[in-house]
Amino acid sequence: MLNRRRALQSALAFALAWRLPPAAATPAAPAALGYLPWWIAPGWKTLPLERLDRVALFDASVSGDGSVQARDWEALAPRSALPLDLTLTLLDQTQFDALFSDPARRSRLLAAVSALAAQRFIAGIHLDIEGYDHARPGALRDFRRWLAALDAERRKHGKQLSAFFPASDSFQPYDRDAAQHIDYWVAQIYDAHWPESKITGPLVTRQPQNTAAVPRALARLAALGVARRKVLLSIPLYGWEWPAESEHPGAAARGRARLLTFTDTPPELMPNDRLAASALARQHGLRRDAEDTPYYAYREAGQWRQGWYEDVQSLTHKLARERAQGYGGLAFFPLGYDKGEILEPLLRWWTRSAPSGR
């Protein structure tokens, strides 16, 4: 009797499996993502999009009242076969608290994002939610409930849902349950030094005392149970130049840094940002720190200035371990700042017999 019952159970299980459609496969993370800012988007034909798997249009900012900045993204979007994600940005934890603590504001935002996801030219929603201090526990709880509702909405439209994961020890909106709603992640491994840094230094570092250090940033995602194959590493195509106390790395910064692009950019796309890091390094002398980071230093009107950025040599040195460990890919921010001089060779290096992730 027991054997007959087991046989009937096996036959029933086989019949049900045959009749039911297979479960939807989890979408694969792209190996190469590029963030395309709205101010660069009109020049998309000049960008090396053919090297990418996916483009994130940047950015539709979210307000504390739950509204989303209006912009004609369809007109700005590249006319290519690449999947396009729309990046939603919320960059302050006080606005985060105000938004997700209020049911009406959460509902307004959910409706707005659902309407965006319904647009045919959008293949996915990319969340860039950041902060610099601890969020309220109630706001975190309600954000995670909102994220579950967003997950259900985007699945109705067959769209992907991805997220930028901030390099912060204090502001962490995702927990292990919330992480299950995200198809792939972009880990922030840049901004080890930023415009208001007290000292000069690299954008990407492995030094463990730095909040944005590569191992430290990735450990946060590992703690959420996120597989390495679902994580892209963010690559900065920009740099910073600080007024500094001296010419030495780690010197005290004497003011806010100014933006550098890696190389010169067309004036019709970026009329205001005319400082190219690689050109200034040739002019003032290229130096490198202990991690192979390129920088330059010079005196202007009695004041030292230091410019720091990343190049292929520094990035391959700093990310070789993650490449060997099978992380999913690279995400370049922002497209248009390097004319492909970092993006293309770095992708060739990354994808050359790269191991598969866990």
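The sections below set out a description of the structure shown in this document. Source: prediction; values computed, not measured. (Residues numbered from 1 in each chain as written. Predicted model: local features only at pLDDT ≥ 70, side-chain atom pairs only at ≥ 80, totals over all residues. Heavy atoms only, no water.)

### Focus: the packing of helix α3 (residues 93–100) against helix α4 (residues 103–117)
Part 1 of the reasoning: Where α3 meets α4, the axes come as close as 6 Å, and the angle between the chain directions of the two elements is 100°. Classified by the angle between their axes, α3 and α4 sit roughly perpendicular to one another. In contact with Ala-98, Leu-99 and Phe-100 of α3, α4 contributes Arg-105, Arg-106 and Leu-109.
Part 2 of the reasoning: Its residues placed into classes, the contact of α3 with α4 shows 4 nonpolar, no polar and 2 charged. (Axes fitted to C-alpha atoms, helices over the stretch in contact; angles between N-to-C directions. Helix = DSSP H or I, 4+ residues; strand = E, 2+ residues; numbered from the N terminus. Parallel < 35°, antiparallel > 145°, perpendicular 65-115°, else oblique. Contact = heavy atoms within 4.5 Å. Nonpolar A, V, L, I, M, F, W, Y, C, P; charged D, E, K, R; others polar.)

### Remarks on the pattern of salt bridges
Part 1 of the reasoning: For the structure shown, the criterion picks out 21 salt bridges.
Part 2 of the reasoning: Between Asp-142 and Arg-141 there is a salt bridge whose closest N-O contact spans 3.5 Å.
Part 3 of the reasoning: Ionic pairing is found between Arg-254 and Glu-245, a salt bridge with its closest N-O pair at 2.5 Å.
Part 4 of the reasoning: Residues joined by salt bridges that share partners form a network here, namely Arg-106, Arg-141, Asp-142 and Arg-145. (Salt bridge = Lys/Arg side-chain N within 4 Å of Asp/Glu carboxyl O.)

### Let's talk about the sheet that holds strand β6 (residues 184–187)
Part 1 of the reasoning: If you walk around this closed barrel you meet the 8 strands as β1-β2-β3-β4-β5-β6-β7-β13, and the pairing is parallel. When strand polarity is set aside, the average angle formed by the axes of neighbouring strands in this sheet is 25°.
Part 2 of the reasoning: Bridging between strand β2 (residues 54–61) and strand β3 (residues 84–90) involves 5 bridges; their strand directions are parallel. For Ser-61, the partnering residue across the bridge sits in β3 and is Thr-89. (Pairing = 2+ DSSP bridges.)

### Here we look at empty space enclosed by the protein
Part 1 of the reasoning: On inspection of all chains with the given rule, the structure shows 1 cavity of 30 Å³ or more.
Part 2 of the reasoning: For the largest cavity, the calculated volume is near 60 Å³.
Part 3 of the reasoning: Every residue along the wall of the largest cavity is listed here: Val-62, Leu-88, Thr-89, Leu-90, Leu-99, Phe-100, Leu-109, Val-113, Leu-127, Ile-129 and Trp-146.
Part 4 of the reasoning: Those elements that place two or more of their residues in the lining of the largest cavity are β3, α3, α4 and β4 (124–129).
Part 5 of the reasoning: Looking at which element gives the most residues to the lining of the largest cavity, the answer is β3, with 3 residues.
Part 6 of the reasoning: In terms of residue class, the lining of the largest cavity is built from 10 nonpolar, 1 polar and no charged. (1 Å grid on protein atoms, 1.4 Å probe; cavity = no way out; pocket = protein on both sides within 12 Å on 5 of 7 lines; lining within 4 Å. Points joined across faces, edges and corners; volume = space filled by probe spheres on them.)

### Quick notes on the packing of aromatic side chains
Part 1 of the reasoning: If you walk through the whole model with that rule in mind, you get 23 aromatic pairs.
Part 2 of the reasoning: Ring geometry for Tyr-238 against Trp-240: centres 5.6 Å apart, planes inclined by 70°, an arrangement best described as edge-to-face.
Part 3 of the reasoning: The exposure class assigned to Trp-240 is buried, which follows from its relative accessible area of 11%.
Part 4 of the reasoning: The structure contains a cluster of three or more aromatic residues connected by ring pairs, namely Phe-96, Phe-100, Phe-143, Trp-146, Phe-165, Phe-171, Tyr-174 and Trp-185.
Part 5 of the reasoning: Across the ring face of Trp-38, the terminal group of Arg-71 is positioned such that the distance to the ring centre comes to 4.4 Å.
Part 6 of the reasoning: Arg-323 extends its terminal NZ or CZ atom over the ring of Trp-349, reaching a point 5.4 Å from the ring centre. (Phe/Tyr/Trp six-rings, centres within 6.5 Å; stacked < 30°, edge-to-face > 60°. Buried < 20%, exposed > 50% of the residue type's maximum accessible area, 1.4 Å probe, protein only. Lys NZ or Arg CZ within 6 Å of the ring centre and 35° of its normal.)

### Quick notes on the sheet that holds strand β12 (residues 303–308)
Part 1 of the reasoning: Read from one edge to the other, the open sheet built from 5 strands follows the order β9-β8-β12-β11-β10, with strand pairing classed as antiparallel. Looking at which strands have only one partner, the edges of the open sheet turn out to be β9 (258–261) and β10 (287–288).
Part 2 of the reasoning: Here 6 bridges tie strand β11 (residues 294–300) to β12, and the two strands are oriented antiparallel to one another. In the sheet register, Ala-297 faces β12, and the bridge partner there is Gln-306.
Part 3 of the reasoning: Docked against the sheet, helix α8 (residues 277–284) engages β8 (238–244), β9 and β11, running at close to 60° with respect to β11.

### Side note on the side chain of Asp-183
Part 1 of the reasoning: In this fold, Asp-183 is placed in the loop between α6 (176–179) and β6.
Part 2 of the reasoning: Reaching out from Asp-183, the side chain makes a polar contact with the side chain of Arg-154 at a distance of 2.6 Å. (Polar contact = N/O pair within 3.5 Å; in protein donor to acceptor, adjacent residues only side chain to side chain.)

### Structural notes on the layout of surface pockets
Part 1 of the reasoning: Approximately 950 Å³ is the volume found for the largest pocket.
Part 2 of the reasoning: Counting only elements with at least two residues in the lining of the largest pocket, the list comes to β2 and β8.
Part 3 of the reasoning: Within the lining of the largest pocket, the residues separate by chemical class into 20 nonpolar, 8 polar and 8 charged.

### Points about the side chain of Arg-323
Part 1 of the reasoning: If you trace the backbone, Arg-323 turns up in helix α9 (residues 312–324).
Part 2 of the reasoning: Buried charged residue Arg-323 carries no salt bridge. Nearest counter-charge: Glu-322, at 11 Å.
Part 3 of the reasoning: Of the polar contacts made by the side chain of Arg-323, one reaches the backbone oxygen of Trp-349; its length is 2.8 Å. (Lys, Arg positive; Asp, Glu negative; His and termini not counted.)

### Quick look at the environment of Asp-133
Part 1 of the reasoning: Within the element layout of this structure, Asp-133 appears in the loop between β4 and α5 (137–156).
Part 2 of the reasoning: Along the primary structure Asp-133 and Asp-92 are separated by 41 residues, whereas in three dimensions their C-alpha atoms are 8.6 Å apart.

### Considering the nonpolar core
Part 1 of the reasoning: Counting residues in each nonpolar core, the largest one holds 106 residues, and the members touching the most others are Phe-96, Leu-127 and Tyr-174.
Part 2 of the reasoning: If you tally residues by element for this core, the top one is α5, at 6 residues.
Part 3 of the reasoning: Those residues in contact with Phe-96 that lie beyond four places of it in its chain are Leu-90, Ile-129, Ala-135, Ala-139, Leu-140, Phe-143, Phe-171 and Pro-173. (Core = buried A, V, L, I, M, F, W, Y, C linked by side-chain atoms within 4.5 Å.)

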